[in-house]
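# A look at the structure
What follows is each chain in one-letter form.
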Amino acid sequence: MDSLILLKEKLPEMLAEIAAKFTLIGPKEETGFTQFQELDDPSEINLDYLLSRVPPKSLVFQQTETLFTFTKGKEIKVETPKVDSGKRIVFGIRPCDARGYDLLNPVFEGRKEGDYQDLFYVLKRNRSTLIGLSCNEPAVNCFCTSFDDSPASTKHLDLLFTDLGDKFYIDVITKKGEELIENLSKMFSKASEEDLKARNKVEKTSISAITRKMNTEGVTKKLGGMFQHEYWGQVAMRCIGCGICTYLCPTCHCFDIQDESTLKQGGRIRVWDSCMNPEYTHHASGHNPRPSRMNRVRNRVYHKFNFFPRNDGVFGCTGCGRCIDYCPVNIDIINIINDVEEMK
Amino acid sequence: MADNRNLINAAKEIVSREDVKYIIGYKRGTYGFQIMPAFAYNSKDVEGFIFSPLCAKNLTVYPMLEEKLPLKRGEEEDKRKVGIVVKGCDSRAIAQIIQEKGLKREDVVLIGIPCRGVIDSKKLEKMFPKQTELADLEEDEEGNYIITTNKTHKVPKTELISDVCRSCEYPNPVIYDVLIGEKIEDFKIENFERVENLENKSLEERWKYWENHFEKCIRCYACREACPLCYCKECMVDLLEPQWVRRSVDLSENTAWNVMRAFHLAGRCISCGECERACPVNIPLMELNKFIEKEVKEMFDYTSGIDTEEKPLLGMFKPDDPEDFVL
Amino acid sequence: MTEDGTMTGEGMMMGENAYKPGLAKIADITLEATGERAIKTFKLEFLDEDLRKNFTFKPGQFIMVSVLGVGESTFAISSSPTQKGYIEFSAMRYGKHTKALHQKQIGDILGARGPYGNSFPVEKWKGKNILFIGGGIGQAPLRSVINYCIDNRKDYGDLNIIYGARTSKDLCYKDEFSKMAGMDNLQVHLSIDVEEEDWEHYVGFVPSNLMRLKPSPENTIAITCGPPIMIKFVIQDLIELGFKDEQIYTTLEMRMKCGIGMCGRCNIGNLYVCKDGPVFSWDQIKDLEGDM
C-alpha cells in the first residue's frame, strides 16, 4: 500500500476508533515518566515523550505471568489459563523498542524446527499490531544508529507514523498494518512527493542529532579473546548489583519460576529476574558459578555482544540507552565497548 | 578548586599507606553531569578525584559489597583498610554500620568533606535536557550554582538542591580521619515538608496515595542495593524457607516489600536519599523513611548514625521505653 | 500427544503450553543413601495411559519434576529408555523442593515434564568399550546409559564402572551393582573417600582410583559425572592416560528454571546447558569461555 497522510487534528478520532474496535495501548504519563498501558480513554495518550521508562517488552513478556493453575485434593487438575485473543494495537512505540521485540523472538519462539515456543509470548505477539512513532529528536544516550538502525526505521514495525508538524506521514509496512488501515474509516489521504521529502528530512535531522556512537566493528571476535582480561574487574568494581539495567532493557529476558499456593489450589508464575542478583545462579549445593560482580557484569556484556551474536547473528542491544540513563554508578555500555575496541 | 587540591593531596597520602587497599572517591563520569565512583589504588589514580554538588552518590555502600571469594592455594585474604570519601550523611551510614558491628572502625579510613547539599539530578535534567558533553557545576558564596556547559549559567541553589538536603541537620561528617575544608554551620532550609504534607492527609487519602505509587513498583530492588544500610547477607525477600514475600509483582506484594523495608530501616536510615534517586519508577521512598524517622525521634529521642559507641535503637531495650501501645 | 496438550516425549507443537507438566504417580521409592544428604530414587508412572505407554527419551536427557505448590527441579532420567512404562530419577535432599519431595509417599502425585536436553550419542558408540566414572549422585545419568548398554549388550564392548562416594552410606544403587557382579565383560570398581570398617574395596578419591586402574583408551569412550571438582580432575587424568578430547564425555549441571532455553539462567558462555547440553564432549567445552 502507498504511504498515507493523517492530519494531526484527526489523530484523536483515529485513536478513539481503535479503542472502540480493538484494545489500544499507548504511552501514558505517570509521576514524571511515561509507561505503555492499556488506554480506555484515548485522550490519556501522551506523545510528548522520548523513551518510555519501562520498555514495552512488558506488553508481550509480562512481568508476572501465570503459567498454569492447579487444584489439589482428591483429583489434581492442572490448567493453562485462558489467554485473551482480541487484537491489540500498540501505538507510539519507538523503532528501537520494536527492534527489541525482534530480538526477543529467537528466545521465545525458538530458533529452528522442533524448538520449544513460549505460548504466552507467541499469543501476545501475534495479536499485537505495532504502530511506531519516529523520533524527531534523540535522547541523550541514544545510539540506535550504531546498529544500522535509525530513529525512523521501518524494519520492525507494521506501521510507522512520522510527525511532520501538522500532519503524520504513515509508512505502511506489513500486511498487518495494511489490514488495520483498511479496517479504519476513511480519514487518510495519499502522501505526496513533498511529504516524503519532509519525512526524510525529519529522519536525517534526527540521525545527525545523535552524538554518541558505539564502535561495534568486529567486537564479537575481540571479546572472544578477552574473557579473562582484568578490565572486567575494573568495570565491575563500582557496580552495586541493583539490576536496573536488566529491568529497563528491551532485550533482557531472564525470568524466574515460582509456585504460589494455598492448601487447596495455586499456580505457577513466571516473573522477571535479573542476572545481576548474586543468587541468580546459586546451586542448592552452595556452588555459585558467578560468585562476584565481576562475573555477572562480564556475563551481561558478553551476553549482549558475544553470546547472542554467536547464537542468533545480531547484537543483543537496540541502542536505546536506558541502561546508561539509569545506572546509579555510571556504568556506560558505550564506553565499555569502545574501550574494548581500542584495546590491543 | 582549592578544595579539590586538598582532597587529592589527602587521598594521595592515604592511598600510599601500607595498610590501605584502595580509596573510593568521585571522578567525572562519561557524559553530561555524570559523576562516577572511582577506585584508586595508587597516587596516580587519585589525580582525577573531584568533589562538587554533583557528587550525590553515597559511597559507603561499597565496603559491605565486597565479596569473600574462595582463595587460591597460598593466597591470603587481603584484610587491609578501605578509604572512602564521605559527606555528612555518608559518614552517618558508616557510624551506624559500626554501631551494628557490621564494620570495625579500623576497617575504614574516612576522608570527610563538609557538604552544602547535592543537586537533584532529575531537576537538573529538566533544566538541561540532552546534555551529552561533559559539564560542570560549582557552588558560589551567594547561594547559587554556577553551571558550565558551552555557556555559563547561574541558578539559585533552591531550584536544584535535592529535597533531602533541604532538611539536612548533619552537613559535617560525624566521624572522619581527615577533614577537607571548613566545618559548615547548620544550614537547614526547612523541615522535610513532604512529610508534613503526608501528615495532613487523612488515613484513606494516604492509603490511596501509596497504592498509586506501589502499583508502579517493578521490584527491581534497586532501592535495596543502593542503600548503604541494606547489607543483610540474605534479604528477607529472597528467603524461600519460609517465604515472607511472594515473587509476584502485584499491589499486595509490592506494598509488603516497601513497607517491610521501611520498617527494617526504622532507627537506621540516615537520609542520604539514595533509594529515591535509584528508583526507576519515581516512588517517593524518602517520604516513608522520613516519616518513620520523625516518629522514632518522637518516641525514643534517637537519631541514627551519630555515635559509634551507642547501641542500635531496635537492638536494645530501656526500662523507660514508651509502651502506650501495649495493652 | 495427550488430549489436554501436555508433554509427550517428542517435542512441542504449536499451541502447547511448554511449562505445563504431566501428572505422574510415584510407583516406588528406594532409599539409596541415608543421613543429612539423603538420596532417594523415585519411580514415576504417568497417569495418562497414552503418555505412560509412549513416553520415550534418550539416555542423558532430563526431566523437570515438581511438587505442585512447592517448586520444580531438574533431574537426570536415571532409568534407560529400554525400560518401558515408567521413568526413574534420583534426588538428593538439599533445598525447599527436594525436602518436600523426600516427604512424598508411594502413590502421591508429582508433576513431570520433559524430556529435555540433548543425549549421549549411543548410536555412534556401538561397538566401543565404555568407561563410566561417577561420583556420588553423579552416577544417576550414567545409570541410564549403563542400563541401556546392558539391555543392548551385543552392541557394546567392555563396560567398566568406576564409582565412588564419600562414605559407604552415600553410595547409590548398591543392589544393582551386586547384581552386575556376574555379568560378562562388565567390571565394577567401587570406592569411598575415607577408611571404614568392613570396606573391602578401594579407599580414596575417584580420580586416584582411575589412575590406579589405568584403563586403556583403545576403542573406548569415557563418560564422567559428579561434583564439578571431580569432573575437572577426572578429565585431566583421562587425558594423561591417553584419551583424546573426542573420547571424553560429561554431563553438566546448572541451576535451571524453564529447562527449554528461555530463562537465560543456565548458560556457560554461549551454550545453554538445558538446550545445547547437558551432555557435552570435552572437545566442545574445553575452550569454552564461560562461568562454570
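Residues numbered from 1 in each chain as written. Chains lettered and ligands numbered in written order. Predicted model: local features only at pLDDT ≥ 70, side-chain atom pairs only at ≥ 80, totals over all residues. Heavy atoms only, no water.

### Focus: the overall build of chain B
Let me state the cut-off plainly: Here a strand is any run of E in DSSP of at least two residues, a helix any run of H or I of at least four, and the numbering for each starts at the N terminus. Exposed residues in this analysis have more than 50% of their type's maximum accessible area, buried residues have under 20%, and partly exposed residues fall in between, with area computed by a 1.4 Å probe over protein chains only. Any two residues whose heavy atoms approach within 4.5 Å at even a single point are treated as in contact. For accessible areas, the Shrake-Rupley method is used with a probe of radius 1.4 Å. Any residue's cover is judged against the shown protein chains and nothing else. For the charge count, each Lys or Arg is scored as positive and each Asp or Glu as negative, with His and the chain ends excluded. Here the site of a charge means NZ on Lys, CZ on Arg, CG on Asp, or CD on Glu.
The helix and strand inventory of chain B stands at 12 helices and 8 strands. Over its C-alpha atoms, taken along the principal directions, chain B stretches across nearly 60 × 55 × 40 Å. Residues classed as buried in chain B amount to 52% of the 327 residues present. For chain B, the proportion of contacts with a sequence separation of at least 24, taken over those separated by at least 6, is 71%. Here chain B has roughly 16,600 Å² of accessible surface; of this, 51% comes from carbon and sulfur atoms. For chain B, the separation between the mean place of its 48 positive charges and that of its 60 negative charges on side chains is 4 Å.

### Digging into the nonpolar core
Put simply, the rule is: Each nonpolar core is a collection of buried residues, namely Ala, Val, Leu, Ile, Met, Phe, Trp, Tyr and Cys, held together in the definition by side-chain atoms within 4.5 Å.
Residues Phe305 of chain A together with Phe49 of chain B are the most contacted members of the largest nonpolar core, which totals 207 residues. Discounting chain neighbours no more than four positions away, the residues touching Phe305 of chain A are Phe147, Met214, Val219, Thr220, Leu223, Phe315, Cys317, Ile333 and Ile337 of chain A. Within the second largest apolar cluster, 34 residues are counted, among which are Ile146, Met180, Leu186 and Cys225 of chain C.

### Focus on the interface of chain A and chain C
How big an interface is tends to be stated in terms of accessible area lost as the parts join. What counts, and what does not: By buried area we mean the combined loss of accessible area, with a 1.4 Å probe, across both parts when two parts are placed together. Salt bridges, as used here, are contacts in which a Lys or Arg side-chain nitrogen is within 4 Å of a carboxyl oxygen on Asp or Glu. Here a polar contact is taken to be a pair of N or O atoms separated by no more than 3.5 Å, where protein atoms must pair a possible hydrogen donor with a possible acceptor and residues adjacent in sequence count only if both atoms sit in side chains.
Taken together, the contacts link 50 residues of chain A with 44 residues of chain C. With both chains or domains summed, chain A and chain C bury close to 4,000 Å², and 54% of this area falls on carbon and sulfur atoms. At the boundary of chain A and chain C, one finds 7 salt bridges. The salt bridge partner of Arg290 of chain A is Asp291 of chain C, with a shortest N-O separation of 3.7 Å. Where chain A meets chain C, there are 26 residue pairs in polar contact (both at pLDDT 80 or more). Those elements that provide at least two residues to the side of chain A that touches chain C are β4 (64-71), β5 (77-79), α3 (95-109), α4 (119-126), α7 (219-224), β11 (255-261), β12 (265-272) and α10 (293-312) of chain A. With 7 residues, the top contributor of residues to the side of chain A that touches chain C is α10 of chain A.

### Notes on the side chain of His253 of chain A
Here His253 of chain A lies in the loop between α9 (244-247) and β11. You can call His253 of chain A buried: its relative accessible area is 2%. Ignoring any residue separated from it by four or fewer positions in sequence, one finds His253 of chain A in contact with Phe61, Leu104, Val107, Phe108 and His303 of chain A together with Met262, Cys263, Gly264 and Tyr272 of chain C.

### Looking at the pattern of salt bridges
Under the counting rule described, the total for this entry stands at 60 salt bridges over all chains. Among the salt bridges present, the one from Asp136 of chain B reaches Arg28 of chain B, with a minimum N-O distance of 3.0 Å. Within this pair, whereas Asp136 of chain B is found in strand β5 (residues 136-139), its partner Arg28 of chain B is found in strand β1 (residues 20-28), the two being separated by 108 residues in sequence. Judged by its relative accessible area of 33%, Asp136 of chain B is partly exposed. Taken together, the salt bridges that share partners define one network made up of Asp256 and Asp273 of chain A, Arg247 of chain B together with Lys257 and Arg265 of chain C.

### Side note on the side chain of Asn58 of chain B
Residue and element names in this part refer to chain B. Mapped onto the fold, Asn58 is located in the loop between α2 (43-46) and β3 (81-86). Separated by 3.4 Å, the side chains of Asn58 and Asp90 make a polar contact. For Asn58, the residues in contact, after removing those within four places along its chain, are Asp90, Ala93, Pro228, Ile270, Cys272 and Glu274.

### Brief notes about the domain arrangement of chain B
Residues and elements named next belong to chain B. Filter applied, for reference: Residue ranges assigned to each domain were obtained from an automatic or database domain assignment.
Partitioning chain B into structural domains gives domain 1 (4-179) and domain 2 (193-315). Placing a centre on the C-alpha atoms of domain 1 and another on those of domain 2 gives a separation of 24 Å. Across the contact, 25 residues belong to domain 1 and 31 residues belong to domain 2. Buried surface at the junction of domain 1 and domain 2, summed over both partners, amounts to about 2,300 Å²; 53% is from carbon and sulfur atoms. Among the residues domain 1 hides against domain 2, the three largest losses belong to Arg92, Gln99 and Val164. Together they make up 28% of the total. Applying the counting criterion to the domain 1 and domain 2 interface returns 3 salt bridges. Across the pair Glu274 and Lys57 runs a salt bridge, and its minimum N-O distance is 3.0 Å. Remark: the boundary between domain 1 and domain 2 carries 10 residue pairs in polar contact (both at pLDDT 80 or more).

### What to know about the pairing of strand β9 (residues 167-172) of chain A
All names here are of chain A. We apply this condition: Think of it this way: DSSP has to see at least two bridges between two strands before they count as a pair.
The buried fraction of β9 amounts to 5 of the 6 residues, a majority that puts the element mostly inside the structure. As paired elements, strand β1 (residues 4-7) and β9 share 4 bridges and run antiparallel to each other. Pairing of Leu7 across the sheet is with Lys167, part of β9. Pairing geometry for strand β8 (residues 159-163) and β9, over 5 bridges, is antiparallel. By the bridge assignment for β9, Asp163 is matched with Phe168. Where β8 hands over to β9, the hairpin turn is made up of 3 residues, of which Gly165 adopts a positive phi near 105°.

### Observations concerning the sheet that holds strand β4 (residues 108-112) of chain B
Residue and element names in this part refer to chain B. Put simply, the rule reads: Between N-to-C directions, angles span 0 to 180 degrees; the directions come from axes that are lines fitted to C-alpha atoms, helices contributing only their stretch in contact.
Pairing is mixed in the open sheet, where 5 strands are placed in the order β2-β1-β3-β4-β8. In this open sheet, the two strands that pair with only one neighbour each are β2 (35-40) and β8 (178-179). Across 6 bridges, the pairing between β1 and β2 is antiparallel. Bridge pairing in β2 links Lys27 to Met36. Together, β1, β3 and β4 form the strand contacts of helix α3 (residues 88-99), whose direction differs from that of β3 by roughly 145°.

### Notes on unusual backbone geometry
Residue Glu241 of chain B is joined to Pro242 of chain B through a cis peptide bond whose omega torsion reads -5°. Within the secondary structure, Pro242 of chain B sits in the loop between α9 (222-226) and α10 (251-264). Cis rather than trans, the peptide bond between Gly277 of chain C and Pro278 of chain C has omega equal to 10°. Residue position: Pro278 of chain C is located in the loop between β14 (271-272) and β15 (279-281). Positive phi, normally seen in glycine, also occurs at Lys130 of chain B, with a value near 60°. One can find Lys130 of chain B in the loop between α4 (121-127) and β5. One non-glycine residue, Tyr173 of chain C, lies in positive phi territory at about 55°. Following the sequence through the fold, Tyr173 of chain C ends up in the loop between β8 (159-165) and α4 (174-180). A relative accessible area of 3% places Tyr173 of chain C in the buried class.

### Focus: helix α6 (residues 228-240) of chain C
Residue and element names in this part refer to chain C. Applied cut-off: Here a helix's expected span is defined as the number of its residues, less one, multiplied by 1.5 Å. By definition, the arc is the one covered by directions from the helix axis to the C-beta atoms.
Look at α6: 19 Å from first C-alpha to last across 13 residues, which is about the 18 Å you get at 1.5 Å a residue. The complete set of buried residues in α6 reads Met230, Ile231, Val234, Ile235, Asp237 and Leu238. Take α6 and look down its axis: the buried residues cluster within an arc of 165°, on one side only. The exposed set on the far side of α6, more than 90 degrees from its buried face, consists of Pro228, Ile229 and Glu240. Turning to α6, the residues buried within the fold contact β7 (129-135), α5 (206-213), β11 (220-225), β12 (248-251) and α7 (282-285). Just downstream of α6, Gly242 is the residue with a positive phi angle, here 105°.

### Notes on the packing of α3 of chain A against α4 of chain A
Residue and element names in this part refer to chain A. Worth spelling out the cut-off: By definition, any crossing whose near helix is turned counterclockwise from its far helix by less than a right angle is left-handed, and any crossing with a clockwise turn is right-handed. We call Asp, Glu, Lys and Arg charged. Ala, Val, Leu, Ile, Met, Phe, Trp, Tyr, Cys and Pro are nonpolar, and the rest, Gly among them, are polar.
For the pair α3 and α4, interaxial distance at closest approach is 10 Å and the crossing angle is 140°. Judged by the twist between their axes, the crossing of α3 over α4 is left-handed. For the pair α3 and α4, the contacting residues are Tyr101, Asp102, Leu104, Asn105, Phe108 and Glu109 in the first and Tyr121, Val122 and Arg125 in the second. In the contact of α3 with α4, the residues fall into 5 nonpolar, 1 polar and 3 charged.

### Quick look at the sheet that holds β5 of chain B
Residues and elements named next belong to chain B. Reading across from one edge, β5-β6-β7 is the order of the 3 strands in this open sheet, with antiparallel pairing throughout. Looking at which strands have only one partner, the edges of the open sheet turn out to be β5 and β7 (152-156). The mean inter-strand angle of the sheet, taken between neighbouring strand axes irrespective of direction, is 25°. Looking at chain direction, strand β6 (residues 144-148) and β7 are connected through 5 bridges and run antiparallel. Residue pairing across strands places Tyr145 opposite Val155, the latter belonging to β7.

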